[in-house]
Amino acid sequence: GVQRGRMAVVCQWHRFQFFDKELVKEEGSQQPHPTLEKLQLRCGTSGKGLLILGEDDGSISLVDRAFKVQAFSAYEQSVDRMYLVRERNVLVTVGFDDSDSPIMKMWNMDNLDLNGTPDLINSWRVDAKMKGVPVHCMAVSPDMTHIALGMNGAVIGVSGDFLRDRNVKFRIIRQPRDDLVTALFFKFQNAVLSLFVVTQSSVSTFAILPHKDVEKVLDSCIGGESECVAQTEDEVVVGTASVCQPNLRCTQQLFHKLWLV
């Protein structure tokens, strides 16, 4: 009886009205904003008063609080992933130019020209062994010394002085496996940099060490889709069809989850 009562409380639905929703209109008109309406989005992030949106055609649009849009061409084909390091105001992007190998680029968002184009700090072609493999997720360490790329069932690690040096090191942190990597998070634990790796069927951490990355499987039966994984200051939360797990302490939530933020 106690267990059923607890479950009944946990599974109650509540509606929270955090924001007022309003259509973004063209200035002086009741029509939808013409530029925003036409964007073909693939990825996005935000910070420093901007929405940063990556598009199918390789361009990146910067939208300020007044909904002024400035766009620049970042890739010849598409922008697939982006990550804003807010402490440095550096944007890391992954996309495709004229080949099947993804290209990672780093942009200084503090230096924009009159057209809204940031300075390109550096660019690197991702390991040729992963040619044609899409990047499903990306993470950047807090100290900007490591980047992780989830590519199908593999995780590629990149390390180096990204702001000054083109000679960075690529290595495979997680060998290719059948389960898709859906989310990546870096976190310092006891002065050791750890990478949380979430797949569709498991959750693991990798201790990023100088000579070997040590894997620890936290749960081999529960994973999550990319939209159903979130990071707080202290933990990683994974939502599945039946559970919602902060740091893998199980809390039953018996309904399908679409999004965690």
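Preceding this paragraph is the structure being described.
Residues numbered from 1 in each chain as written. Predicted model: local features only at pLDDT ≥ 70, side-chain atom pairs only at ≥ 80, totals over all residues. Heavy atoms only, no water.

1. Focus on the pairing of strand β15 (residues 203-208)
If a strand is regular, its side chains alternate between the two faces of the sheet.
Alright, step 1. Across the six residues that make up β15, a large majority, six, are buried.
Alright, step 2. By the alternation rule, side chains of β15 split into Val 203, Thr 205 and Ala 207 and Ser 204, Phe 206 and Ile 208, which are all buried.
Alright, step 3. In this sheet, β15 lies alongside strand β14 (residues 192-199) in antiparallel orientation, the contact comprising five bridges. Along β15, the bridge assignment pairs Phe 196 with Thr 205.
Alright, step 4. Hairpin geometry of β14 and β15 is characterised by an intervening segment of three residues between the two adjacent antiparallel strands.
Alright, step 5. Here β15 runs beside strand β16 (residues 213-219); their pairing, made up of six bridges, is antiparallel. The residue bridging Thr 205 from the neighbouring strand is Lys 216, located in β16. (Buried < 20%, exposed > 50% of the residue type's maximum accessible area, 1.4 Å probe, protein only. Helix = DSSP H or I, 4+ residues; strand = E, 2+ residues; numbered from the N terminus. Pairing = 2+ DSSP bridges.)

2. Observations regarding the packing of aromatic side chains
Alright, step 1. Throughout the structure, instances matching the rule amount to two aromatic pairs.
Alright, step 2. For the pair Trp 124 and Phe 162, a centre-to-centre distance of 5.7 Å together with 80° between the ring planes defines the contact as edge-to-face. Placement of Trp 124 in strand β8 (residues 118-125) and of Phe 162 in the loop between β11 (154-159) and β12 (169-174) is noted, with a sequence separation of 38 residues between them. Neither Trp 124 nor Phe 162 differs from the other in exposure class; each is buried.
Alright, step 3. The aromatic ring of Tyr 75 is capped on one face by Lys 105, whose charged end is 4.4 Å from the ring centroid. (Phe/Tyr/Trp six-rings, centres within 6.5 Å; stacked < 30°, edge-to-face > 60°. Lys NZ or Arg CZ within 6 Å of the ring centre and 35° of its normal.)

3. Re the pattern of salt bridges
Alright, step 1. Following the criterion strictly, the structure yields seven salt bridges and no others.
Alright, step 2. The partner of Asp 179 in a salt bridge is Arg 174, with the nearest N and O atoms 3.1 Å apart.
Alright, step 3. When its relative accessible area of 14% is taken as the criterion, Asp 179 is described as buried.
Alright, step 4. Of the residues examined, Arg 174 reaches a relative accessible area of 2% and is grouped as buried.
Alright, step 5. Each of Arg 42, Asp 56 and Asp 80 takes part in one network of salt bridges that share partners. (Salt bridge = Lys/Arg side-chain N within 4 Å of Asp/Glu carboxyl O.)

4. Some thoughts on the sheet that holds β16
Alright, step 1. The strand order across the open sheet built from four strands is β13-β14-β15-β16, with neighbouring strands paired in antiparallel fashion. Strand pairing shows two members of the sheet lacking a second neighbour, β13 (181-189) and β16, which therefore form its edges. If you compare each strand with its neighbour and ignore which way they point, the axes differ by 25° on average.
Alright, step 2. As defined by bridge partners, β13 adjoins β14 across eight bridges and the pair is classed as antiparallel. Counted as the bridge partner of Gln 189 is Val 192 from β14. (Axes fitted to C-alpha atoms, helices over the stretch in contact; angles between N-to-C directions.)

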